Amino acid sequence: MLLRKRHRDILKRSPDDVDLTKFMDVSGAGLAGDCTVAVYFHTSQTVAVARPGDARWTVVRRGTYLSQAMSFASRFYCATTNAVKVVELGGGDGGGAANYRPPRLARVAKLTEPLSRMRIDTVHLVDNDGELVLLDRRRNATRDTKCTR
């Protein structure tokens with residue numbers, strides 16, 4: 001699943017000579033389940049998951065700006081401008097393709113104030129002794145918001 005040099009070279013030789021590797025800037029990666037890896041590609045604003053043996057990544061969400069993404073307690077959490085979300089893997093109840101649910105981002109906490117997207121401000125999801133905490137640091141002020149399930 002990791003891009004080896006020859007794969008990067010193939011991506012660079014697209015028909016229009018566009019370097020597709022620039023869209024694969026990973027800014028968050030971790031576990032989204034017992035054996036599922038989740039990745040947030042910052043440039044293309046894409047969350048994708050894959051399991052060992054998968055032929056390709058499954059896109060969970062595309063086009064959503066995330067200020068932070070990380071794994072916590074074997075789940076993959078993301079901070080949007082107004083909520084903390086988690087990757088839910090979906091699946092099914094064994095009833096076949098008709099009952100399949102694709103993976104999705106589900107809201108686990110709504111923020112009381114929107115997060116800033118200014119570069120001088122920072123947002124971090126942090127494991128604080130087994131509790132997931134969102135730190136939103138703004139210039140000239142600091143606000144800590146705890147997120148619980």
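In case you missed it, the structure is sitting above this.
All values derive from a computational prediction rather than experimental measurement. (Residues numbered from 1 in each chain as written. Predicted model: local features only at pLDDT ≥ 70, side-chain atom pairs only at ≥ 80, totals over all residues. Heavy atoms only, no water.)

Colleague: Explain the pattern of salt bridges here, please?
Modeller: Proximity of charged atoms lets side chains of opposite charge pair with each other. For the structure shown, the criterion picks out one salt bridge. Note that Glu88 and Arg104 form a salt bridge whose closest N and O atoms lie 3.1 Å from each other. Taken together, the residues Glu88 in strand E7 (residues 83-88) and Arg104 in strand E8 (residues 104-110) connect sequence positions 16 residues apart. We classify Glu88 as partly exposed; its relative accessible area is 29%. (Salt bridge = Lys/Arg side-chain N within 4 Å of Asp/Glu carboxyl O. Helix = DSSP H or I, 4+ residues; strand = E, 2+ residues; numbered from the N terminus. Buried < 20%, exposed > 50% of the residue type's maximum accessible area, 1.4 Å probe, protein only.)

Colleague: In this structure, what is going on with the nonpolar core? I would like to understand it.
Modeller: Among soluble globular proteins, nonpolar side chains are generally buried collectively. Ranked by size, the top nonpolar core spans 14 residues in total, and within it Tyr77, Ala79, Val84, Leu115, Leu125, Leu132 and Leu134 carry the most contacts. For this core, the secondary-structure elements that each account for two or more residues are strand E5 (68-72), strand E6 (75-79), E7, E8, strand E9 (122-128) and strand E10 (131-138). The next biggest cluster of nonpolar side chains, apart from the first, holds 12 residues, and it includes Ala38, Tyr40, Val49 and Val87. (Core = buried A, V, L, I, M, F, W, Y, C linked by side-chain atoms within 4.5 Å.)

Colleague: Just to check I follow, could you spell out the pairing of strand E1 (residues 26-31) for this structure?
Modeller: One face of the sheet, then the other: side chains in a regular strand alternate in exactly this way. Both E1 and strand E2 (residues 37-41) contribute to a ladder of five bridges, which runs antiparallel. Opposite Leu31, over in E2, you have Val37 as the bridge partner. (Pairing = 2+ DSSP bridges.)

Colleague: Help me out: how do you make sense of the sheet that holds E5 in this one?
Modeller: Sheet strands line up and pair through hydrogen bonds in the backbone, either parallel or antiparallel. Strand order in the open sheet formed by four strands is E5-E6-E7-E8, with antiparallel pairing between adjacent strands. Each end of this open sheet is capped by a strand with a single partner; those strands are E5 and E8. With strand direction ignored, the average angle separating the axes of adjacent strands in the sheet is 30°. Relative to E6, E5 runs antiparallel, the two sharing five bridges. Of the residues in E6, the one forming a bridge with Phe72 is Arg75. (Axes fitted to C-alpha atoms, helices over the stretch in contact; angles between N-to-C directions.)

Colleague: When you look at the packing of aromatic side chains in this model, what are you seeing that I'm missing?
Modeller: By the definition in use, this model includes two aromatic pairs. Ring geometry for Phe41 against Trp57: centres 6.5 Å apart, planes inclined by 85°, an arrangement best described as edge-to-face. Taken together, the residues span a long stretch of sequence, with Phe41 in strand E2 and Trp57 in the loop between strand E3 (46-50) and strand E4 (58-62) at a distance of 16 residues. An angle of 65° between the planes, with centres 6.1 Å apart, marks the rings of Phe72 and Tyr77 as edge-to-face. In this structure, Phe72 and Tyr77 share a single accessibility class: buried. (Phe/Tyr/Trp six-rings, centres within 6.5 Å; stacked < 30°, edge-to-face > 60°.)

Don't take any of this as a statement about function, it's just geometry.
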